[in-house]
Amino acid sequence: MTESEIKENLVKIKEKIWECEEKSGRSRNSVVLCAVSKFHPAEDVFACLNAGHKVFGENRVQEAYGKFNDIRSSENLSLNPELHIIGSLQTNKVKKACEIASCIQSVDRLDLVREIQKQCIKLEKKIDVFFEIHTGEESKAGFESISDFKSVLELFSSGEFPNLNAKGLMTMAPFTNDESLIRKSFIQLRELKDQVNKEFPNLLITELSMGMSGDFGIAIEEGSTMVRVGTAIFGERNYQ
Ligand SMILES: *Cc1c(COP(=O)(O)O)cnc(C)c1O
């Protein structure tokens, strides 16, 4: 993709998001667009930054580390991307993830939470976290069980992780053309958020990260506050 193609795609996606917001009675710009730049080069991120876009998602720490350190050390200091880690995270990658990201959306187990807390203390930094929840039959990512998830929230609720802001839930809908299954997965995430906010009123879980290139319209209808869009902005990924 050329820089101008990426910019055009970005405008198109923003317009579609506005349309979906309006259709579902949501206020304009209430849904954040996270541009998923995995497998795409730094130039593609620059194209978005030059168009005024700020929020990016990457799923592999190693790749993101090089790319975003390069971008941030470039001459143009006004370009300051906000990076979210959205892919499953190994414990030994947490240090680098905390160095480069302002949010980790793929938190799926207690030992990961403990490691993020440990690394954030060393970095004297606070970080946002989203909890990844398994909603579709086919997606394997996310907490093993809802009771595992709730026992982690229990610890958050008692103040165990002062450097982590528990901000949201994240999910991936099943890979299917069956719209009702996709919708069901988003509804499940929204209902879980409502439920945990009742059970843990001192936590403020406000965000729902759901919806990708193929299904973000449905996600917004079901209450998404952040959509993670890659292909529709940057084109197909080349996994070689
Ligand atoms: C790759 C990825 C996306 C973006 O998917 P597209 O279909 O390219 O928009 C969103 N969320 C996660 C967790 C991803 O890994």
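Look up a bit, the structure's there.
Residues numbered from 1 in each chain as written. Predicted model: local features only at pLDDT ≥ 70, side-chain atom pairs only at ≥ 80, totals over all residues. Heavy atoms only, no water.

### Some points on the site of the ligand
In the region of the ligand, the neighbouring residues are Val36, Lys38, Asn59, Ile86, Met172, Met212, Ser213, Arg228, Val229, Gly230, Thr231 and Arg237. In the environment of the ligand, an oxygen atom lies 2.8 Å from a nitrogen or oxygen atom belonging to the backbone of Gly230. Note that an oxygen atom of the ligand is positioned 2.5 Å from one of the side-chain N or O atoms of Thr231. In isolation the ligand has 390 Å² of accessible area, and contact with the protein removes 91% of it. Among the residues making up the shell around the ligand, the classes are represented as 5 nonpolar, 4 polar and 3 charged. (Near = heavy atom within 4 Å. Polar contact = N/O pair within 3.5 Å; in protein donor to acceptor, adjacent residues only side chain to side chain. Areas by Shrake-Rupley, 256 points an atom, 1.4 Å probe, with all protein chains shown as cover. Nonpolar A, V, L, I, M, F, W, Y, C, P; charged D, E, K, R; others polar.)

### A look at the pairing of strand 2 (residues 55-58)
Side chains Val55 and Gly57 of strand 2 all project onto a buried face; the interleaved residues Phe56 and Glu58 project onto the opposite face, where all are buried too. Here strand 1 (residues 32-36) runs beside strand 2; their pairing, made up of 2 bridges, is parallel. Looking at strand 2, one finds that Ala35 is bridged to Phe56. Traced from strand 1 through helix 2 (residues 42-50) to strand 2, the parallel crossover comes out right-handed. Examined bridge by bridge, strand 2 and strand 3 (residues 82-85) share 4 bridges and lie parallel to one another. Across the sheet, Gly57 pairs through a bridge with His84, a residue of strand 3. (Buried < 20%, exposed > 50% of the residue type's maximum accessible area, 1.4 Å probe, protein only. Helix = DSSP H or I, 4+ residues; strand = E, 2+ residues; numbered from the N terminus. Pairing = 2+ DSSP bridges. Right-handed = clockwise from strand over helix to strand, strands pointing away.)

### Considering the packing of helix 2 against helix 3 (residues 61-72)
Each pair of packed helices gets described by two things: the angle between the helix axes and the distance between those axes. At a minimum axis distance of 10 Å, the contact between helix 2 and helix 3 shows a crossing angle of 50°. Overall, the two elements helix 2 and helix 3 adopt an arrangement that is oblique. For the pair helix 2 and helix 3, the sense of crossing is right-handed. Taking contact as the criterion, the partners of Ala42, Val45, Phe46 and Leu49 in helix 2 are, on helix 3, Lys67, Phe68 and Ile71. (Axes fitted to C-alpha atoms, helices over the stretch in contact; angles between N-to-C directions. Parallel < 35°, antiparallel > 145°, perpendicular 65-115°, else oblique. Left-handed = near helix turned anticlockwise from the far one by under 90°. Contact = heavy atoms within 4.5 Å.)

### Here's the deal with the environment of Cys103
Relative to the helices and strands, Cys103 is located in strand 4 (residues 103-107). The sequence separation of Cys103 and Asn165 amounts to 62 residues, and the corresponding C-alpha distance is 9.1 Å. For Cys103, the contacting residues outside a window of four places in its chain are Leu83, His84, Ile85, Ile127, Asp128 and Phe130.

### Observations concerning the pairing of strand 4
In regular strands, side chains alternate between the two faces of the sheet. Burial runs high along strand 4: 5 of the 5 residues are buried. When strand 3 meets strand 4, the two strands line up parallel, connected through 2 bridges. Bridging from a neighbouring strand, His84 pairs with Cys103 of strand 4. Remark: the strand 3/helix 4 (residues 94-100)/strand 4 crossover connection has right-handed handedness. Pairing of strand 4 with strand 5 (residues 127-132), which is carried by 3 bridges, proceeds in the parallel orientation. Paired with Val107 across the two strands is Phe131, which belongs to strand 5. Assessed by its sense of winding, the connection that carries the chain from strand 4 through helix 5 (residues 110-123) to strand 5 is right-handed.

### Some points on the nonpolar core
Soluble globular proteins: nonpolar side chains tend toward being buried together. In this structure, Ile104, Ile116, Phe131, Phe149, Phe156 and Ile233 are the most contacted members of the largest nonpolar core, which totals 65 residues. When residues no more than four places from it in sequence are discounted, the contact partners of Phe156 are Val113, Val129, Phe131, Phe161, Leu164, Ala166 and Leu203. Formed by 8 residues, the second largest nonpolar core is a distinct cluster that contains Cys34, Val55, Ile86 and Met226. (Core = buried A, V, L, I, M, F, W, Y, C linked by side-chain atoms within 4.5 Å.)

### A closer look at the packing of aromatic side chains
Under the definition given, this model contains 6 aromatic pairs. Plain terms: the ring middles of Phe143 and Phe149 are 5.3 Å apart, the flat faces sit at 50° to each other, and that makes the pair tilted. An identical accessibility class is assigned to Phe143 and Phe149; each is buried. Measuring from ring centre to ring centre gives 4.8 Å for Phe156 and Phe161, while their planes differ by 55°; the resulting arrangement is tilted. The pair Phe156 / Phe161 is uniform in exposure class, with both members buried. Three or more aromatic residues joined by ring pairs make a cluster, and in this case those are Phe131, Phe143, Phe149, Phe156 and Phe161. (Phe/Tyr/Trp six-rings, centres within 6.5 Å; stacked < 30°, edge-to-face > 60°.)

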